[in-house]
Amino acid sequence: MYLLNGERKHCIEFSDRGFQYGDGLFETIEIINGIPVFLDQHLQRLHKGCIKLRIPPPAIELLTDEANQLAQGSDKAVLKLIVTRGSGGRGYRQPDNIQTTRLFSLHPYPHYPEKLSKQGINARFCDTRLGLNPSLAGIKHMNRLEQVMARSEWSNTDIHEGIMMDINGHIIEGTMSNIFLVKDNCLYTPLIDQCGVDGILRNIIIALASENRIPLVEKVLTKADVFSADELFVTNSIVGIWSVKKIDTHSFIMSSVSENIKQLFSVFKQEAINVC
Ligand SMILES: Cc1ncc(COP(=O)(O)O)c(C=O)c1O
């Protein structure tokens with residue numbers, strides 16, 4: 001099911017700048033019982049991204065209505081929202097009058113075996129590095145070639161996520177997730193001021209840690225920090241929190257800090273769903 005600029009169609013003009021240049025933003029939203037989970041947070045991030053890219057932001061009330069309209073009747077699904085600068089302009093130059101394109105599409109929930117959430121995942125380090133660009137860091141823009149290249153590095157279905165470093169060898173995130181380390185009961189997560197996506201779950205976990213007095217530090221992290229960590233987990237809006245049980249040949253345990261965070265997150269998410 002699709003909604004393109006409010007209409008039930010999905011034919012995008014080939015001249016659309018999203019298609020031509022990746023000139024746009026996207027959000028991937030979990031649907032549970034017809035409710036788009038953490039919709040406000042997703043739309044706020046999109047809004048911030050529009051301001052950064054100087055794309056006129058579509059009204060949040062309009063996007064909320066359309067998201068709810070498409071989500072209605074789906075027990076469990078994934079809703080994708082794309083907003084582009086629309087068509088026009090000459091080459092890279094943007095048109096004087098920007099008519100944004102907004103596309104909602106509804107997709108089946110990906111089938112991830114239950115054991116991944118319960119027992120943890122296997123991960124690997126990717127060779128593909130993230131370039132640095134503070135002006136694009138954090139936003140969920142449509143240029144995702146680095147993630148596509150990184151994800152093409154493996155096809156073994158026993159590996160569930162790849163961890164990416166920037167060109168300086170600093171750990172940044174997973175190909176589709178943010179990353180947290182636990183060491184001596186303290187949480188650590190990489191700074192994402194040079195590259196990386198400012199994840200919805202990342203922000204929720206940072207806030208939950210602060211409210212519950214769980215120490216958390218955002219800092220530059222390296223491979224050595226990963227190998228000396230007690231635990232590791234990755235997060236995104238669709239899978240929630242996945243503990244990492246193994247990265248390459250190095251094994252981790254799942255212990256109280258990540259279990260505590262998972263519990264706090266599960267209560268927080270249920271409350272968010274209940275108020276909708
Ligand atoms: C590259 C990247 N980093 C981080 C995330 C996690 O973001 P969120 O928690 O908003 O889903 C994603 C999600 O798709 C991603 O693609």
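Notes on the structure follow. (Residues numbered from 1 in each chain as written. Predicted model: local features only at pLDDT ≥ 70, side-chain atom pairs only at ≥ 80, totals over all residues. Heavy atoms only, no water.)

1. What about the site of the ligand?
Right, so step 1: Around the ligand, 15 residues are found, and the nearest of them are R45, E173, I200, L201 and S237.
Right, so step 2: Between the ligand and the protein, one listed contact pairs an oxygen atom with a side-chain N or O atom of R45 at 2.8 Å.
Right, so step 3: I200 places a polar main-chain atom, nitrogen or oxygen, 2.8 Å from an oxygen atom of the ligand.
Right, so step 4: Notes on the ligand: free accessible area 390 Å², of which the protein chains cover 92%. (Near = heavy atom within 4 Å. Polar contact = N/O pair within 3.5 Å; in protein donor to acceptor, adjacent residues only side chain to side chain. Areas by Shrake-Rupley, 256 points an atom, 1.4 Å probe, with all protein chains shown as cover.)

2. Things to note about the packing of aromatic side chains
Right, so step 1: What the rule picks out here adds up to six aromatic pairs.
Right, so step 2: Ring geometry for F125 against F227: centres 5.7 Å apart, planes inclined by 70 degrees, an arrangement best described as edge-to-face. One end of the pair, F125, is in strand β6 (residues 121–125); the other, F227, is in helix α7 (residues 223–228), and 102 residues separate them in sequence.
Right, so step 3: According to the relative accessible area criterion, F227 is partly exposed, its value standing at 34%.
Right, so step 4: Among the aromatic residues, ring-to-ring pairing joins F38, F265 and F268 into one connected group.
Right, so step 5: Note that K223 overlies the ring of F125, its terminal NZ or CZ placed 4.7 Å from the centroid. (Phe/Tyr/Trp six-rings, centres within 6.5 Å; stacked < 30°, edge-to-face > 60°. Helix = DSSP H or I, 4+ residues; strand = E, 2+ residues; numbered from the N terminus. Buried < 20%, exposed > 50% of the residue type's maximum accessible area, 1.4 Å probe, protein only. Lys NZ or Arg CZ within 6 Å of the ring centre and 35° of its normal.)

3. Structural notes on the nonpolar core
Right, so step 1: Core analysis: the biggest nonpolar cluster contains 22 residues, and F38, L187, F233, I241, I261 and F265 have the highest contact counts within it.
Right, so step 2: Going through the elements one at a time, β9 (178–183), α6 (200–211) and α8 (256–274) are the ones with two or more residues in this core.
Right, so step 3: Sort the elements by how many residues they give to this core and α6 lands first, with seven residues.
Right, so step 4: If you count residues domain by domain, this core takes at least three from each of domain 1 (2–108) and domain 2 (114–275).
Right, so step 5: Apart from the residues lying within four places of it in its own chain, the contact partners of F265 are F38, L201, I204, L208, G240 and I241.
Right, so step 6: L63, A71, F104 and L106 belong to the second-largest nonpolar core, a separate cluster that totals 21 residues. (Core = buried A, V, L, I, M, F, W, Y, C linked by side-chain atoms within 4.5 Å. Domains from an automatic or database assignment. Contact = heavy atoms within 4.5 Å.)

4. Let's talk about the layout of surface pockets
Right, so step 1: Space inside the largest pocket adds up to approximately 750 Å³.
Right, so step 2: Around the largest pocket sit 33 residues that line it, and K140, T175, M176, S177 and N236 are the ones nearest its centre.
Right, so step 3: Only β2 (24–32), α2 (39–53), α5 (145–151), β8 (171–174), α6 and β12 (231–236) provide two or more residues apiece to the lining of the largest pocket.
Right, so step 4: Taken together, the residues of the lining of the largest pocket break down into 14 nonpolar, 13 polar and six charged.
Right, so step 5: Of the residues that make up the lining of the largest pocket, three or more belong to each of domain 1 (2–108) and domain 2 (114–275).
Right, so step 6: The volume enclosed by the second largest pocket comes to roughly 610 Å³.
Right, so step 7: In terms of lining residues, the second largest pocket is bounded by 23 residues, among which S117, V239, G240, I241 and K269 are the most central.
Right, so step 8: When residues of the lining of the second largest pocket are traced back to their parent elements, those giving at least two are β2, α4 (114–119), β13 (240–247) and α8.
Right, so step 9: At eight residues, the largest contribution of residues to the lining of the second largest pocket is made by α8. (1 Å grid on protein atoms, 1.4 Å probe; cavity = no way out; pocket = protein on both sides within 12 Å on 5 of 7 lines; lining within 4 Å. Points joined across faces, edges and corners; volume = space filled by probe spheres on them. Nonpolar A, V, L, I, M, F, W, Y, C, P; charged D, E, K, R; others polar.)

5. Concerning the pairing of β2
Right, so step 1: Burial of β2 is extensive: nine of the nine residues sit out of reach of the surface.
Right, so step 2: Side chains G24, F26, T28, E30 and I32 project from β2 onto one buried face, and the interleaved L25, E27, I29 and I31 project onto a second face that is buried too.
Right, so step 3: Sheet topology places β2 next to strand β4 (residues 76–84); nine bridges connect them, and they run antiparallel. Each residue of the ladder has a partner; that of E27, found in β4, is L81.
Right, so step 4: Of the pairings in the sheet, the one linking β2 to strand β3 (residues 35–36) comprises two bridges and is antiparallel in character. Across the sheet, residue I31 finds its bridge partner in β3, namely P36. (Pairing = 2+ DSSP bridges.)

6. With respect to the environment of S177
Right, so step 1: Secondary-structure assignment places S177 in the loop between β8 and β9.
Right, so step 2: A relative accessible area of 7% places S177 in the buried class.
Right, so step 3: As a C-alpha pair, S177 and G196 span 19 residues in sequence and 9.5 Å in three-dimensional space.
Right, so step 4: Contact partners of S177, with chain neighbours within four places excluded, come to E161, V234, T235 and N236.

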